[in-house]
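Geometric and topological summary
Below are the chains, spelled out letter by letter.
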Amino acid sequence: MLITFEGIDGAGKSTQIKELVRHLTGQGIEVLTLREPGGTAVAEKIRHILLESSHEISPIGELLLFSASRAELVQEVIAPALGSGKTVILDRFYDSTTAYQGYGRGIDLEVLRSIITVSTCGITPDITFYLDLEPEEALKRKFSKTSIPLEFEGDELDRMERSGLEFYRNVRQGYLDIMHLNNKRFVRLSALDSVAAIHHRIVALLMERFPF
Ligand code: TYD
């Protein structure tokens, strides 16, 4: 079974993933946790180019690099793990590409769809937990400030995070549109709720839909 987590940077995905892994492991369920981009030797190099470098990357170049990283991870790790019956938890998968490269960078959604199909070998999540947060709130969490600049600079930010507030507003709109198109798979959770409340909701939904 494949469980994915989505949301804009700062929505609290990693905390929820840790909580869920602890819960499932406690139930004796073997879990493999991965994050995108990255997860294989080549994919980690691509991650470095995408996030840590200061190079300008074109929207199409960015799309293909995220997709190349995904293709490596799917073929080397995700497909074999699912094939051997493991539960895989992924911090971001192709919905990130639709939200960030489609809605954020403005790449045609039909073009995205075919690249996504190729890079994932057609693998789709069984369930996606989307932690919804307004970009302003996410940036407050990141900067611990009340006034948020429209363009960001600074060493503490990766290349994607320097894209600015308008970009993040479009990304969030992308996630909301994805939710409307996939209302069975894609579960919205308010990231403003407490960590414990979100975790309980995730566990309850998993137990209800997929009694392990
Ligand atoms: P990461 O440091 O993993 O951040 P986070 O904790 O927010 O997940 O950085 C991943 C960044 O890459 C994040 O800004 C989202 C972006 N991204 C895309 O733009 N497209 C994609 O397909 C993926 C997987 C990530």
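The structure under discussion appears in the preceding block.
Okay, so let's go over this structure. (Residues numbered from 1 in each chain as written. Predicted model: local features only at pLDDT ≥ 70, side-chain atom pairs only at ≥ 80, totals over all residues. Heavy atoms only, no water.)

As a further point, take the packing of helix H4 (residues 94-104) against helix H5 (residues 109-120). Running from N to C, H4 and H5 cross one another at 150°; their axes reach a closest spacing of 10 Å. The angle between H4 and H5 falls in the class roughly antiparallel. For the crossing formed where H4 meets H5, the hand is right-handed. Where H4 approaches H5, its residues Tyr94, Thr97, Thr98, Gln101, Gly102 and Tyr103 are matched on the opposing element by Leu109, Leu112, Ile116 and Thr120. Residue composition of the contact of H4 with H5, grouped by class: 5 nonpolar, 5 polar and no charged. (Axes fitted to C-alpha atoms, helices over the stretch in contact; angles between N-to-C directions. Helix = DSSP H or I, 4+ residues; strand = E, 2+ residues; numbered from the N terminus. Parallel < 35°, antiparallel > 145°, perpendicular 65-115°, else oblique. Left-handed = near helix turned anticlockwise from the far one by under 90°. Contact = heavy atoms within 4.5 Å. Nonpolar A, V, L, I, M, F, W, Y, C, P; charged D, E, K, R; others polar.)

Moving on to unusual backbone geometry. A cis amide bond links Glu36 to the next residue, Pro37, at an omega of -10°. Looking at the secondary structure, you find Pro37 in the loop between strand E2 (31-35) and helix H2 (41-52). In the Ramachandran plot, Arg92 falls in the positive-phi region, its phi being about 80° despite a non-glycine side chain. Of note, Arg92 is situated in the loop between strand E3 (87-91) and H4. Residues other than glycine seldom take positive phi values, yet Cys121 does so here, at roughly 55°. Overall, Cys121 belongs to the partly exposed group, its relative accessible area being 47%. (Buried < 20%, exposed > 50% of the residue type's maximum accessible area, 1.4 Å probe, protein only.)

Our next topic: the packing of aromatic side chains. All told, the structure shown has 9 aromatic pairs when counted by the stated rule. Between the aromatic rings of Phe93 and Tyr94, the centroid separation amounts to 5.1 Å while the plane-to-plane angle is 50°, which identifies the pairing as tilted. On the basis of relative accessible area, Phe93 is assigned to the buried category, the value being 1%. Considering the side-chain rings of Phe167 and Tyr168, the 5.4 Å spacing of their centres and the 90° angle between planes classify their relative orientation as edge-to-face. Across this residue pair, the class does not change: Phe167 and Tyr168 are buried. Here a set of aromatic residues connected by ring pairs shows up, and it is made of Tyr100, Tyr130, Phe167, Tyr168, Tyr175 and Phe186. (Phe/Tyr/Trp six-rings, centres within 6.5 Å; stacked < 30°, edge-to-face > 60°.)

By secondary structure assignment, the location of Thr98 is in helix H4. Overall, the relative accessible area of 15% leaves Thr98 in the buried class. Residues Thr98 and Val21, spaced 77 residues apart in sequence, show a C-alpha to C-alpha distance of 26 Å. Dropping the residues within four chain positions of it, Thr98 is found in contact with Tyr103, Leu109, Leu112, Ile116 and Ile178.

This part is about the site of the ligand. Surrounding the ligand, one finds 14 residues, the nearest of these being Asp9, Lys13, Arg92, Thr97 and Gln101. Take Lys13: an N or O atom from its side chain is 2.8 Å from an oxygen atom of the ligand. At 2.7 Å from an oxygen atom of the ligand is found a side-chain nitrogen or oxygen belonging to Arg92. Counting residues per element, the ones that place at least two in the shell around the ligand are H2, helix H3 (59-83) and H4. It is H4 that provides the largest number of residues to the shell around the ligand, a total of 4 residues. (Near = heavy atom within 4 Å. Polar contact = N/O pair within 3.5 Å; in protein donor to acceptor, adjacent residues only side chain to side chain.)

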